[in-house]
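Examining the three-dimensional arrangement
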Amino acid sequence: MDIGTIIPIAVAVGLAILVVGIYNNLVGLRQNVEQGKADIDAQLRQRHDLVPNLVETVKGYAGHESDTLQAVTAARNNAAQGSPDSASEQGLRVALDRLLALGEAYPDLKASANFQELQAELADIEDKLAAARRALNAAVSRFNTAREQFPAVLFAGALGFREADFHRLDDSERGSVDKVPEVAF
């Protein structure tokens, strides 16, 4: 073999290794984005599952606050059917805040260990949800940066890697919210 044959073969092998390396890196980063979406979905599911228990606890102490309880239940149902970053999730957050404010109006409710435990669990879920959103945004940022850097930008589109979105989940990525066992007092 002469040098005129070896050089093109070496360039082709080098280019193939580069493309495989870029592909594998982008696949790993895309998986991190998908994991971030799944983490948010899991936290939303936990929040949706907690709402009926919280409503039942409040009913035991302040059952005559039916407007607030119905608003929370309706907001939970809307959020369970909507997209995670939609107005329905914001509506649920507002309705939950109103429900938790009832604890101030009803000292017996505020003193209830069950109510306090559910309130703490909801706060914990909200913290985890915020952390999951931050982690998703970081994963999306890393993926999009790697996708747009040279030389990956030359191959990413052809390899099927599209830009990931911040703060959004596709409905196809969301699982259905499982039915929650009801707690009655």
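See the structure shown above.
Now for a quick tour of the structure. The structure presented is a predicted model; accordingly, all values stated were derived computationally and were not measured. (Residues numbered from 1 in each chain as written. Predicted model: local features only at pLDDT ≥ 70, side-chain atom pairs only at ≥ 80, totals over all residues. Heavy atoms only, no water.)

1. Some details on the overall build of the protein chain
Inclusion rule: Here a strand is any run of E in DSSP of at least two residues, a helix any run of H or I of at least four, and the numbering for each starts at the N terminus. Burial status follows relative accessibility: with a 1.4 Å probe on protein chains alone, a residue under 20% of its type maximum counts as buried, one over 50% as exposed, and anything between as partly exposed.
For the protein chain, the helix and strand inventory stands at six helices and zero strands. Ordering the α and β elements of the protein chain from the N terminus gives α-α-α-α-α-α. Per-residue burial over the protein chain gives 35% buried out of 185 residues.

2. Examining the nonpolar core
For soluble globular proteins, nonpolar side chains are generally found buried alongside one another. Cut-off, in case you're wondering: Nonpolar cores are built from buried Ala, Val, Leu, Ile, Met, Phe, Trp, Tyr and Cys residues. Side-chain atoms within 4.5 Å join them into one set. Only heavy atoms matter for contacts: two residues are in contact if any of them lie within 4.5 Å across the pair.
Core analysis: the largest hydrophobic core is formed by 20 residues, its most contacted members being Leu54, Val72, Leu96 and Leu99. Of all the secondary structure elements, the ones that give two or more residues to this core are helix H1 (3–62), helix H2 (66–81), helix H3 (87–105) and helix H5 (113–148). Once residues within four sequence positions are removed from consideration, Leu54 is found in contact with Leu96, Leu99, Leu100, Phe115, Leu118 and Leu122. Among the nonpolar cores identified, the runner-up in size contains 17 residues, and Leu26, Ile40, Phe143 and Phe161 belong to it.

3. Concerning H2
The periodicity of an α-helix, 3.6 residues per turn, causes residues three or four positions apart to be oriented the same way. Rules: Expected span of a helix, by definition, is 1.5 Å for each gap between consecutive residues, and there is one gap fewer than residues. Working definition: the arc comes from the directions between the helix axis and the C-beta atoms, pointing outward to the latter.
Its 16 residues give H2 an end-to-end C-alpha distance of 23 Å, which sits within 8% of 22 Å, the value for a rise of 1.5 Å per residue. Here H2 has its buried residues at Thr68, Leu69, Val72, Ala75, Arg76, Ala79 and Ala80. For H2, the buried positions fall inside an angular range of 130° around the axis, keeping them on one side. Away from its buried face, by an angle of more than 90 degrees, H2 presents the exposed residues Asp67, Gln70 and Gln81.

4. Topic: the pattern of salt bridges
Operational definition: By definition, a salt bridge exists where a carboxyl oxygen of Asp or Glu is found within 4 Å of a side-chain nitrogen of Lys or Arg.
Tallying each qualifying case throughout the model produces seven salt bridges. Taking the shortest distance from any N to any O, the salt bridge between Glu34 and Lys37 comes out at 3.7 Å. One end of the pair is Glu34 and the other is Lys37, both in helix H1 and three residues apart, which spans about a single turn. Taking the shortest distance from any N to any O, the salt bridge between Lys128 and Asp124 comes out at 3.3 Å. Residue Lys128 and its partner Asp124 are located together in helix H5, separated by four residues, close to a single helical turn. Owing to a relative accessible area of 38%, Lys128 belongs among the partly exposed residues under this scheme. We classify Asp124 as partly exposed; its relative accessible area is 36%. One continuous salt-bridge network, built from bridges that share partners, spans Arg47, Arg93, Asp97 and Glu126.

5. Some words on the packing of H2 against H3
Spelled out, the test is: Lines fitted to C-alpha atoms define the axes, with helix axes restricted to the stretch in contact, and inter-axis angles between N-to-C directions lie between 0 and 180 degrees. Reported orientations rely on four angle classes, namely roughly parallel under 35 degrees, roughly antiparallel over 145, roughly perpendicular from 65 to 115, and oblique for the rest. We call a crossing left-handed when the near helix sits turned anticlockwise from the far one by less than a right angle, and right-handed when that turn is clockwise.
Look at H2 against H3: their axes get within 8 Å of each other, and the N-to-C directions meet at 155°. With respect to H3, the axis of H2 lies roughly antiparallel. For the element pair H2 and H3, the recorded crossing hand is left-handed. Every residue of H3 that contacts H2 at Thr68, Leu69, Ala71, Val72, Ala75, Arg76, Asn78 and Ala79 is listed here: Ser88, Glu89, Gly91, Leu92, Ala95, Leu96, Arg98, Leu99 and Leu102.

6. A word on the environment of Leu50
By secondary structure assignment, the location of Leu50 is in helix H1. By relative accessible area, Leu50 is classed as buried at 4%. Expressed as a C-alpha distance, the spacing of Leu50 and Glu121, which sit 71 residues apart in the sequence, is 8.2 Å. If we ignore the near neighbours within four places in the chain, the residues touching Leu50 are Leu118, Glu121, Leu122 and Ile125.

7. Structural notes on the packing of aromatic side chains
Applicable threshold: Planes of paired rings set the category: under 30 degrees apart is stacked, over 60 is edge-to-face and the rest tilted, where pairs are Phe, Tyr or Trp rings (Trp by its six-membered ring) whose centres lie within 6.5 Å.
The full count for this structure, using the stated rule, is two aromatic pairs. Relative to Phe161, the ring of Tyr23 has its centre 5.5 Å away and its plane inclined at 65°; by these criteria the two rings are edge-to-face. Of this pair, Tyr23 sits in helix H1 while Phe161 sits in the segment after helix H6 (152–155); the two residues are 138 residues apart in sequence, bridging distant segments of the chain. Relative accessible area serves as the criterion here: at 36%, Tyr23 is assigned to the partly exposed category. Judged by centre distance (6.3 Å) and plane angle (55°), the ring pair of Phe143 and Phe161 falls under tilted. With Phe143 in helix H5 and Phe161 in the segment after H6, this pair connects stretches of sequence that are 18 residues apart. For the pair shown, Phe143 and Phe161 are each scored as buried. The structure contains a cluster of three or more aromatic residues connected by ring pairs, namely Tyr23, Phe143 and Phe161.

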